[in-house]
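# What the coordinates show
Listed below are the residues making up each chain.
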Amino acid sequence: MHVELFSGARAVDADELSQRWARGIVRDVLASLPPDALVIVGDAAGVDRIVRSEVMLAGRNGEEYALDGTVRTVDPLRIVVGRWAPHADVPTSNRDPRWKSWPLRRNDAMRDAASRARIVGATVHATAMIVGEARGTRYTVDACERVGIVVTRYEPGDSL
Amino acid sequence: MTELLDQLRAVSATLRDFDHAPDHIEVDTVAVSALLAEAATALAESERAREALRAERNAAMNERDEAREIIAGRAKPPTSAEIAAIRYVGGSCTVSVFYGDGSFRVFRSERDGFALMLREAERVASRGWSVVWRAFDVKGCPCAWPKTGEGE
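Overview of the structure. (Residues numbered from 1 in each chain as written. Chains lettered and ligands numbered in written order. Predicted model: local features only at pLDDT ≥ 70, side-chain atom pairs only at ≥ 80, totals over all residues. Heavy atoms only, no water.)

### Focus: the side chain of Asp 101 of chain B
Tracing the chain through its elements places Asp 101 of chain B in the loop between strand E1 (92-98) and strand E2 (104-108). Of the side chains bearing the opposite charge, Arg 105 of chain B lies closest to the buried Asp 101 of chain B, which forms no salt bridge; the N-O distance is 7.2 Å. At a separation of 2.6 Å, a polar atom in the side chain of Asp 101 of chain B contacts the side chain of His 125 of chain A. Residues contacting Asp 101 of chain B, with those up to four places away along its chain left out, are Thr 123, Val 124, His 125 and Val 150 of chain A. (Helix = DSSP H or I, 4+ residues; strand = E, 2+ residues; numbered from the N terminus. Buried < 20%, exposed > 50% of the residue type's maximum accessible area, 1.4 Å probe, protein only. Lys, Arg positive; Asp, Glu negative; His and termini not counted. Salt bridge = Lys/Arg side-chain N within 4 Å of Asp/Glu carboxyl O. Polar contact = N/O pair within 3.5 Å; in protein donor to acceptor, adjacent residues only side chain to side chain. Contact = heavy atoms within 4.5 Å.)

### Focus: the pairing of E1 of chain B
Residues and elements named next belong to chain B. Among the seven residues of E1, six are classified as buried, and the element is accordingly described as predominantly covered. In this sheet, strand E3 (residues 130-136) lies alongside E1 in antiparallel orientation, the contact comprising seven bridges. Within E3, the residue paired with Thr 94 across the bridge is Arg 134. The sheet contact formed by E1 and E2 spans five bridges and is antiparallel. Bridge pairing in E2 places Val 95 opposite Phe 107. (Pairing = 2+ DSSP bridges.)

### Regarding the interface of chain B and chain A
Taken together, the 22 residues of chain B in the interface contact 22 residues of chain A. Of the roughly 1700 Å² buried where chain B meets chain A, counting both sides, 46% is carbon and sulfur surface. Ranking the residues of chain B by area buried against chain A places Asp 101, Arg 105 and Arg 111 of chain B at the top, with a combined share of 37%. At the junction of chain B with chain A, the criterion picks out four salt bridges. (Buried area = accessible area lost by both parts, 1.4 Å probe.)

Laid out in C-alpha cells, this is it:
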C-alpha cells in the first residue's frame, strides 16, 4: 500500500493561475499513484481543497484531517472514520493558547498517520506545494523530513 | 547479372575442358575478354551497391540508436547552453525522478521551471535514486538534445 500526504498553501486560492498550477500537479501526482493508495490531506482552503476535489473526481481513497479533531473520508459524505485528537482537546476559541498552533498539530497528526502506515509496510511520500510564506506547509515539510518521509516540493514561477 | 554469371560459367567450363577437347575447338579471345570486362564492371557496380546498402543500414542503425536514446532519456542534466537552445526553438523538457520510496514525479519545464527541476534532480541523484531527463520539440514530441558543442 502507498500513502501520499499532501500539504500546500492556502494562498493558491489568490488567483486562477495558481489554482490551475496546483490542480495540474495534484492531477499528475494522483495519476502516478497505485490504485490502492491512500491520500492524506487537511481540511483547509487552497491546495487542500483542490486535493480533496481531485481525489473525489478520481474516485481515490482519501482521509481528511479536520481541525475539529476528526478524520473523515474524502467524499461528499465526509464520514468520520476516526479522531486524531480527543474532542476535549480541540480549542474552541481564539483565546485558547492552542488555537494558533492547532493547524500545525493537525499537520503533525497527518505526518504521524503516514509514519504509522510506513511501520506496517506502506510506502509513504509527501507532496508540498509552496506559495509565498506558507508557514504551515514548510513546517509540514520539515516535520516529514525529520522522520524520513521524502517530500517533493513544488514552487510556482521558479524559472532559471 | 544472372545471365552474365551463366555466360562466365559456360566459358569457365569450356576452358576447363580445353586440354581434353577435340582439335577443332576454338576460343574467341575477343569475346572472352569482353565478357570478363563486363564481369569486372558488374562486380564493381555490385560492390558500389553493397556499399550504398551498408551506408543505408548504418544510417538506419544510428537513427535507431538515437531514437532509443530519446526514449530512454539520460541521467545527465541539461547544460545552460542546452536549456537556452531548447528555449530558443520553443521546446521543453521533463525530468522524471524516481524516489527510493517507490514514488516518482515528472517535472515539466513549462510548468515547474528549470531551476526547480535541476534542484530536485540533483537532490534525488545525490541520494542515489534515478533521474531521467528528456527533451521535447515545439510540438511536444520527444526529440534529441540540441547539439551545442558544450561539454561534449
